[in-house]
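# An overview of the molecular structure
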Amino acid sequence: MEAGDEARVHGPSDLHLHSDHSDGTDSPAAVMAAARGHGLRTVSLTDHDTTSGWDAAATAAASLVMTFLPGMELSARHEHRSVHVLGYLFDPAAAEVRALTDRIRDSRLTRARTMAERISRDYDITWDDIRAHAADGATIGRPHIADALAAKGHVRDREEAFADILHPQSPYYVTLYAPDPVTAVAAIADAGGVPIIAHPAGRGGILSPRVIGRMLDAGLAGFELGHRENREPGLGTLRALAEERDLIVTGSSDYHGSGKPNIPGENTTTDEMVARIIALGTGTAPRWP
Ligand code: AMP
Ligand code: FE
Ligand code: FE
Ligand code: ZN
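The paragraphs below set out a description of the structure included in this document.

## Considerations on the site of ligand 1
Near ligand 1 lie 14 residues; those nearest to it are His48, Arg108, Arg111, Arg142 and His256. Asp23 places a side-chain nitrogen or oxygen 3.2 Å from an oxygen atom of ligand 1. A distance of 2.9 Å is found between an oxygen atom of ligand 1 and a side-chain nitrogen or oxygen belonging to Arg108. When the free accessible area of ligand 1 is taken as 500 Å², the share hidden by the protein chains comes to 84%. Elements with a minimum of two residues in the shell around ligand 1: α4 (95–120), α6 (142–151) and α7 (158–163). It is α7 that provides the largest number of residues to the shell around ligand 1, a total of three residues. Class assignment for the residues of the shell around ligand 1 results in two nonpolar, five polar and seven charged.

## A closer look at the coordination of the iron ion (ligand 3)
Six octahedral donors around a metal ideally make angles of 90 or 180 degrees; four tetrahedral donors ideally make 109.5 degrees. Every protein donor of the iron ion (ligand 3) is accounted for by Glu73 (OE), His84 (ND1) and His199 (NE2), and the metal-donor separations fall at 2.0 to 2.2 Å. Mapping the donors of the iron ion (ligand 3) onto the primary sequence yields the spacing E-x10-H-x114-H. Separating the iron ion (ligand 3) from the iron ion (ligand 2) is a gap of 5.3 Å. A residue pair is termed long-range when its members are at least 10 positions apart, and Glu73 in strand β3 (residues 67–78) and His199 in the loop between β5 (194–197) and α9 (209–217) qualify at 126 residues. His199 shares its class with Glu73; the two are buried.

## Topic: the packing of α4 against α6
Here α4 crosses α6 at 30 degrees, and the two axes come no closer than 10 Å. Judged by the inter-axis angle, α4 sits roughly parallel to α6. In the packing of α4 onto α6, the handedness of the crossing is right-handed. For the pair α4 and α6, contact is made by Arg111, Ala112, Met115 and Ile119 and by Arg142, Ile145 and Leu149, respectively.

About the cut-offs
Residues numbered from 1 in each chain as written. Chains lettered and ligands numbered in written order. Predicted model: local features only at pLDDT ≥ 70, side-chain atom pairs only at ≥ 80, totals over all residues. Heavy atoms only, no water. Near = heavy atom within 4 Å. Polar contact = N/O pair within 3.5 Å; in protein donor to acceptor, adjacent residues only side chain to side chain. Areas by Shrake-Rupley, 256 points an atom, 1.4 Å probe, with all protein chains shown as cover. Helix = DSSP H or I, 4+ residues; strand = E, 2+ residues; numbered from the N terminus. Nonpolar A, V, L, I, M, F, W, Y, C, P; charged D, E, K, R; others polar. Donors = N, O, S within 2.8 Å, 3.2 Å for Na, K, Ca; no water. Buried < 20%, exposed > 50% of the residue type's maximum accessible area, 1.4 Å probe, protein only. Axes fitted to C-alpha atoms, helices over the stretch in contact; angles between N-to-C directions. Parallel < 35°, antiparallel > 145°, perpendicular 65-115°, else oblique. Left-handed = near helix turned anticlockwise from the far one by under 90°. Contact = heavy atoms within 4.5 Å.

Spelled out as structure tokens, the structure:
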């Protein structure tokens, strides 16, 4: 961060938004417009396992006079539980990040095809139906299968699809390749980025102190404490840890367009914390308005 950059940070800031480059329903430009429409001044685009939306989002953010922080939500897994690691301001060309995201996206494609094949034994749905619900080159996920199931009238919406047909306990479910959370954090940190655990106190509860400790050793910078899925008592535990270790804490919407009820700006990150992220991130520069 250049001297004086801290004074250039303008809230409200929402650093977790998805476009149709992964499982959001809006284009990157439309996500930026929605964010501005909800009064935001600083934003990030954090599609799952891809940086392909950065350029379009940065251009749109500039025209809307918003500060743009390039970001991503990297898929990881610890003992059967999915862990999402937000990464900000990392170098998208860094070899380890590239290798991980290439492998995850590859696995997501194979996995979605296998799930489609299994589901098609019981429901009228084809791989082409599912592909039609994902933009070209998008990171494929269960939400695209959900949208295809909804379009065919098999479920009402994504929520209902996830509760049953797409649930991890469902016979149609297939796991995707995902690195362990320490590897995910290290890859982002080594690429000059700022790793933050997304929705760290969600329904599965928090990760064990041992795993969180190893993630901190690998360069974990903080927690997304402001997120609608976070729950007590895990939230309180992480709040205390963040205070004790002076970690970064963020708040965000996790907007997915019409794919989720989440609204841009429903949680926000303070100017101080945004400035700390910008001070720490060296892999890519923020795009100032
Ligand atoms: P996947 O990455 O393919 O395993 O799918 C997980 C993604 O599905 C997450 O990134 C969420 O955005 C989305 N998701 C999970 N549960 C729901 C739900 N109940 N309603 C809508 N989207 C969901
Ligand atoms: Fe998602
Ligand atoms: Fe997530
Ligand atoms: Zn997300």
